[in-house]
Every structure is written in structure tokens, then in C-alpha cells.
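Residue strings, one per chain:
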Amino acid sequence: MATITECRDALDRLSDSFARADGDVRSAAALDRTLSCHITDLDTTFTGRLADGRIEVVDTVPGPPPAKAQIRLAMTGDDLVAMVGGQLNFAKAWASGRVRLEAGFRDLLKLRTLL
């Protein structure tokens with residue numbers, strides 16, 4: 001089972017990938033939205049923003065997200081680490097219910113480029 005530190009490192013690596021992206025991926029990552037990522041097996045939530053093409057983690061809180069972010073993710077720590085590491089395809093994980101993504105319709109359209 002992935003640790004909180006491994007999950008945070010995975011989010012940092014994902015943020016670095018967004019920052020290095022170009023074209024449509026860079027445009028999609030340029031959203032300015034609040035973000036939460038609930039790690040279900042650790043019952044921990046990372047909260048922050050997707051801004052300027054980066055994920056900025058502001059806080060780590062126990063339990064589910066304390067407030068409704070504009071973009072909300074939920075998954076196990078192992079799935080987060082595997083997705084960022086390239087061993088788990090986001091679309092397949094989302095379609096099978098292993099990963100939950102909630103956002104407004106326009107944001108979902110932009111995010112599909114990232115994921």
C-alpha cells in the first residue's frame with residue numbers, strides 16, 4: 001500500500017509533467033481551479049489548486065475533502081502512484097470505477113486532454 005509521502009511525491013511528479021507539457025496538454029493544464037485528491041485507502045485528502053500548469057498542494061487533511069473543490073479526484077494510493085508512473089491508464093481506471101473524477105462539464109472536456 002502506498003504511503004502518504006509516496007502519494008504526495010506522485011502528485012509532485014504529475015505537476016512537473018504538466019509544467020513540461022506543450023500544445024493542447026499545456027492549454028488544459030492552464031486551468032485555474034480548486035482541486036482535491038482523496039486517497040481512499042489512506043482516508044486522506046490533498047487539497048490545493050490547479051494553476052499556471054501546475055498542481056499546488058496546499059494542505060493534507062484526514063478524511064474526505066472538507067470542501068467541494070471544482071475538480072475532485074478519488075482513488076487508492078496505489079492507483080495514484082501507478083497512474084503517474086505509467087503502469088495504469090487513467091481512462092481505463094476511470095471507466096472501471098477505480099478512479100473517480102468529478103468536475104464541471106467544461107472542465108471535464110479540457111481535462112480529457114490531460115488524462
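So, here is what we can say about the structure in this document. Quick caveat: nothing in here was measured; it's all calculated off a predicted structure.

Along the protein, the regular secondary structure elements total five helices and five strands. Listing the helices and strands of the protein from first to last along the sequence gives α-α-β-β-β-β-α-α-β-α. Over its C-alpha trace the protein gives a radius of gyration of 13 Å, about what one expects of a compact globule, namely 13 Å for 115 residues. The dimensions of the protein, computed from C-alpha atoms along their principal axes, are 35 × 30 × 25 Å. Taking all 115 residues of the protein together, 41% fall into the buried category. Contacts spanning at least 24 positions in sequence make up 59% of the contacts within the protein whose residues lie at least 6 apart. A total of about 6400 Å² of accessible surface is found on the protein, and carbon and sulfur atoms cover 51% of it.

Here we take up the sheet that holds strand β1 (residues 33–39). Taken in spatial order, the five strands make up an open sheet running β3-β2-β1-β4-β5, and their pairing is mixed. Taken across any chain shown, the strands that pair with only one partner, and hence form the sheet edges, are β3 (54–62) and β5 (100–103). The average undirected angle you get between the axes of adjacent strands in this sheet is 20°. Relative to strand β4 (residues 71–75), β1 runs parallel, the two sharing five bridges. Within β4, the position partnered with H38 by the bridge is A74.

By size, the foremost hydrophobic cluster in this structure holds 26 residues, and its most contacted members are L50, I71, L73, M75, L80, V99 and L111. Elements with a contribution of two residues or more to this core: α1 (4–20), β1, β2 (44–51), β3, β4, α3 (77–85), α4 (90–96) and β5. For this core, the element with the highest residue contribution is α1, accounting for four residues.

Here we come to the pairing of β2. With seven of its eight residues buried, β2 lies for the most part within the structure. Relative to β2, β1 runs antiparallel, the two sharing seven bridges. For I39, the partnering residue across the bridge sits in β2 and is T44. In sequence, β1 turns back onto β2 through a hairpin of four residues, with D43 there showing a positive phi of about 45°. The pairing of β2 with β3 spans eight bridges and is classified as antiparallel. Among the inter-strand pairings, T47 is bridged to a residue of β3, identified as D59.

Definitions and limits used
All residue numbers refer to positions counted from 1 along the written sequence of the respective chain. Since the coordinates come from a predicted model, pLDDT governs what is reported: local features require at least 70, and pairs of side-chain atoms require 80 or more to be given and counted, while whole-chain, interface and lining totals use all residues. No hydrogens and no water enter the side-chain calculation; it runs on all heavy atoms of the structure. Think of it this way: any DSSP run of H or I at least four residues long counts as a helix, any run of E at least two long counts as a strand, and we number them from the N terminus. Two things to know: the radius of gyration comes from C-alpha atoms, and the globule rule equals 2.2 Å times the number of residues to the power 0.38. Three exposure classes are used, based on accessible area relative to the maximum for each residue type with a 1.4 Å probe and protein chains only: buried under 20%, partly exposed in between, and exposed over 50%. Residues are treated as being in contact if the distance between any of their heavy atoms lies within 4.5 Å. Exposure was quantified through the Shrake-Rupley algorithm and a 1.4 Å probe, taking into account, for residues, occlusion by the shown protein chains and nothing else. Here a strand pair is declared whenever DSSP counts at least two bridges between the two strands. Angles shown run from 0 to 180 degrees and are taken between the N-to-C directions of axes, each axis being a line fitted to C-alpha atoms and, for helices, limited to the stretch in contact. For the purposes of this section, nonpolar cores are sets of buried Ala, Val, Leu, Ile, Met, Phe, Trp, Tyr and Cys residues that join through side-chain atoms within 4.5 Å.

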